[in-house]
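# Survey of secondary and tertiary structure
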Amino acid sequence: MGNWRDGRGTLTVGAGAGREAEVDLEIAASYGARRRGLLGRDGIDGALLITPCGSVHTFRMRFAIDVAYLDRELTVLDVHTLRPGRLPLPRWRARHVLEAEAGTMAGWGLRVGTRVGVRTAG
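Reading the values: the criteria
- Residues numbered from 1 in each chain as written.
- Predicted model: local features only at pLDDT ≥ 70, side-chain atom pairs only at ≥ 80, totals over all residues.
- Heavy atoms only, no water.
- Helix = DSSP H or I, 4+ residues; strand = E, 2+ residues; numbered from the N terminus.
- Buried < 20%, exposed > 50% of the residue type's maximum accessible area, 1.4 Å probe, protein only.
- Contact = heavy atoms within 4.5 Å.
- Pairing = 2+ DSSP bridges.
- Axes fitted to C-alpha atoms, helices over the stretch in contact; angles between N-to-C directions.
- 1 Å grid on protein atoms, 1.4 Å probe; cavity = no way out; pocket = protein on both sides within 12 Å on 5 of 7 lines; lining within 4 Å.
- Points joined across faces, edges and corners; volume = space filled by probe spheres on them.
- Nonpolar A, V, L, I, M, F, W, Y, C, P; charged D, E, K, R; others polar.

### A short note on the overall build of the protein chain
The secondary structure content of the protein chain amounts to 2 helices and 7 strands. Ordered by position in the sequence, the α and β elements of the protein chain form the string β-β-α-β-β-β-β-α-β. Projected onto its principal axes, the C-alpha coordinates of the protein chain cover approximately 40 × 30 × 30 Å. Of all 122 residues assigned to the protein chain, the portion counted as buried reaches 46%.

### Some thoughts on the side chain of threonine 51
Considering the arrangement of structural elements, one finds threonine 51 in the loop between strand S3 (47–50) and strand S4 (65–70). Residue threonine 51 is classed as buried on the basis of its relative accessible area of 3%. Here threonine 51 is in contact with Trp4, Ile27, Ala28, Ala29, Arg34, Arg95 and His96, once residues within four sequence places are set aside.

### Looking at the sheet that holds strand S7 (residues 116–120)
Hydrogen bonds along the backbone pair up the strands of a sheet, which may run parallel or antiparallel. Strand order in the open sheet formed by 7 strands is S5-S4-S6-S3-S2-S1-S7, and the pairing between neighbours is mixed. Each having just a single partner strand, strand S5 (76–82) and S7 make up the two edges of the open sheet. On average, each strand axis in the sheet is tilted by 30° relative to the strand beside it, whichever way the strands run. In this structure, S4 lies alongside S5, joined through 6 bridges in antiparallel fashion. Counterpart to alanine 68 in the pairing with S5 is valine 79.

### Description of the layout of surface pockets
Taken as a whole, the largest pocket encloses approximately 190 Å³ of empty space. Residue lining of the largest pocket: 14 residues in total, with Arg34, Arg35, Val56, His57 and Glu99 positioned closest to the centre. Per element, the largest residue contribution to the lining of the largest pocket is 3 residues, and it comes from helix H1 (residues 31–36). For the lining of the largest pocket, the per-class residue count stands at 7 nonpolar, 3 polar and 4 charged.

See below:
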């Protein structure tokens, strides 16, 4: 997907792999939306896709998050759970970052090598 815009959509975890999970998705593609991310929130229903993005931080976050780094083809390169106040190393091949509340990605079956799909609303 080339032209990303801020908005909403649906994330499909395990696209084409038989067992699929569909998750509500927010897309942050503009500079302001990417910079804001999940700051100032007490939680999120579903997930936030930040694009383009290769690294994140959790300074001033109010809750722990799961972070999945995705490549150009939306394949998961790495998954971590981060407590507030952390700055993980950037992932050089990552082009997108998926964020959700801590513990939810495991429930979706999201792990390294998983392919995800994104369907935008509208």
